[in-house]
Amino acid sequence: MQEKSVAIDGPAGAGKSTLARALARELGYLYVDTGAIYRTVALRAWEAGADPSDPEQIAPLLKGLDLRMDYGADGVQRMYLSGRDVTEAIRVHQISGLASQVAALPPVRDFLLDFQRRQAMEHDVVMDGRDIGTVVLPHAGAKVFLTAAPEARARRRLLELKQRGQEAELETVLRDIVQRDEQDRNRAVAPLRQAEDAVLLDTTELGLEESLKALISLVKGRLAQ
Ligand code: DC
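Read on for a plain summary of the structure. (Residues numbered from 1 in each chain as written. Predicted model: local features only at pLDDT ≥ 70, side-chain atom pairs only at ≥ 80, totals over all residues. Heavy atoms only, no water.)

1. Here we look at the packing of aromatic side chains
And step 1. Counted according to the given criterion, the structure contains zero aromatic pairs.
And step 2. When the ring centre of tyrosine 80 is taken as reference, the NZ or CZ atom of arginine 68 above it lies at 4.5 Å. (Phe/Tyr/Trp six-rings, centres within 6.5 Å; stacked < 30°, edge-to-face > 60°. Lys NZ or Arg CZ within 6 Å of the ring centre and 35° of its normal.)

2. Quick word on the packing of helix H1 (residues 16-27) against helix H9 (residues 208-224)
And step 1. Two elements in contact, H1 and H9, have axes separated by 10 Å at closest approach and are oriented at 50 degrees. With respect to their mutual orientation, H1 and H9 come out oblique. As for the relative orientation of H1 and H9, their crossing is right-handed in sense. Between H1, through Thr18, Leu19, Ala22, Leu23, Glu26 and Leu27, and H9, the contact on the second element is made entirely by Leu208, Ser211, Leu212, Leu215, Ile216, Val219, Lys220 and Leu223.
And step 2. Partitioning the contact of H1 with H9 into residue classes produces ten nonpolar, two polar and two charged. (Axes fitted to C-alpha atoms, helices over the stretch in contact; angles between N-to-C directions. Helix = DSSP H or I, 4+ residues; strand = E, 2+ residues; numbered from the N terminus. Parallel < 35°, antiparallel > 145°, perpendicular 65-115°, else oblique. Left-handed = near helix turned anticlockwise from the far one by under 90°. Contact = heavy atoms within 4.5 Å. Nonpolar A, V, L, I, M, F, W, Y, C, P; charged D, E, K, R; others polar.)

3. Focus on the side chain of arginine 39
And step 1. Mapped onto the elements, arginine 39 comes out in helix H2 (residues 34-47).
And step 2. It is aspartate 33 that comes nearest to the buried, bridge-free arginine 39 among opposite-charge side chains, at 6.3 Å.
And step 3. With residues near it in sequence (within four places) discarded, arginine 39 still touches Ile90, Arg91, Val92, Ile95, Ser96, Ala99, Arg157 and Arg180. (Buried < 20%, exposed > 50% of the residue type's maximum accessible area, 1.4 Å probe, protein only. Lys, Arg positive; Asp, Glu negative; His and termini not counted. Salt bridge = Lys/Arg side-chain N within 4 Å of Asp/Glu carboxyl O.)

4. Concerning the pairing of strand E4 (residues 77-81)
And step 1. The buried fraction of E4 is high, at four of five residues.
And step 2. Looking at chain direction, strand E3 (residues 67-71) and E4 are connected through five bridges and run antiparallel. Directly across from leucine 67, in E4, lies its bridge partner leucine 81.
And step 3. Where E3 folds back onto E4 in an antiparallel hairpin, the turn is made up of five residues, including glycine 75, whose phi is positive at roughly 80 degrees. (Pairing = 2+ DSSP bridges.)

5. Quick look at the site of the ligand
And step 1. Close to the ligand lie 15 residues, the nearest being Arg39, Arg109, Arg180, Asp184 and Arg187.
And step 2. Residue arginine 130 places a side-chain N or O atom 2.9 Å away from an oxygen atom belonging to the ligand.
And step 3. At 2.8 Å from an oxygen atom of the ligand is found a side-chain nitrogen or oxygen belonging to arginine 187.
And step 4. Contact with the protein chains hides 97% of the accessible area of the ligand, taken as 450 Å² for the molecule alone.
And step 5. Counting only elements with at least two residues in the shell around the ligand, the list comes to H2, helix H4 (93-102) and helix H8 (170-186).
And step 6. Across the shell around the ligand, the residue classes tally to four nonpolar, four polar and seven charged. (Near = heavy atom within 4 Å. Polar contact = N/O pair within 3.5 Å; in protein donor to acceptor, adjacent residues only side chain to side chain. Areas by Shrake-Rupley, 256 points an atom, 1.4 Å probe, with all protein chains shown as cover.)

6. Side note on the environment of alanine 214
And step 1. Tracing the backbone through its elements, the reader meets alanine 214 in helix H9.
And step 2. Exposure remark for alanine 214: the relative accessible area of 23% places this residue in the partly exposed category.
And step 3. Separated by 122 residues in sequence, alanine 214 and valine 92 place their C-alpha atoms 30 Å apart.

7. Some details on H4
And step 1. For H4, the set of buried residues is Ile95, Ser96, Leu98, Ala99, Ser100 and Val102.
And step 2. Residues of H4 that are buried in the fold lie against H2, helix H3 (55-63), helix H5 (106-122) and H8.

8. Examining the nonpolar core
And step 1. In this structure, Val41, Ile58, Met79, Val108 and Leu137 are the most contacted members of the largest nonpolar core, which totals 38 residues.
And step 2. Ranked by the residues each element gives to this core, the list is headed by H2, at seven residues.
And step 3. Sequence-distant contacts of valine 108, that is, excluding residues within four places in its chain, are made with Tyr38, Val41, Ile58, Leu62 and Val102.
And step 4. Listed in part, the 20 residues of the second largest apolar core include Ala142, Val199, Leu215 and Ile216. (Core = buried A, V, L, I, M, F, W, Y, C linked by side-chain atoms within 4.5 Å.)

What follows is the structure, given as structure tokens:
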């Protein structure tokens, strides 16, 4: 039921996934990372050699798309493309940019809308993305727009990449984040923006524990209303 669900939106690297996952655990909800779904479509486009900005090339790929999502015993969301586990493959650097490109295409957004709403019909969810509070779950019981200064987001993203064993420069990560945000904010369909009834949480000056505490109290307050 949408009224019990939690929508978390915000730009890249704001800590959405880490915080949303922890919040879901606290509430006993299912965490749905919608960015992973767009990333899986981007991987499909990449493997097919299709231009990620061309709807004429991408739309036909959606017809035969075998996309599945499930949760392991560890509670981690896993993505499957034609039966193949692509959970790790969709995290590589190139896929971030491609995901932002395919996400701007109306046929892709239409196709994934039902998929995402179904999750919220079948479970109590904490769902994170760019348009969850504005488009996917407009009746969510609690909506949060999570953000932080671009430099803080780039530093966090760099740390995350390093932990995954991927090398990168702060400057490059920052440039990519800013470019991706521009793309996500300025697209015609379902752009990244704060829903009117969403609460803004800026984590620039907050550590992880502090951010989580603030998020939990904010969301619990909203859901109790
Ligand atoms: O959250 P992420 O970095 O994994 O998302 C990858 C891209 O997918 C992001 O740049 C924009 C797109 N996206 C979207 O358009 N709408 C969502 N609800 C989630 C992600």
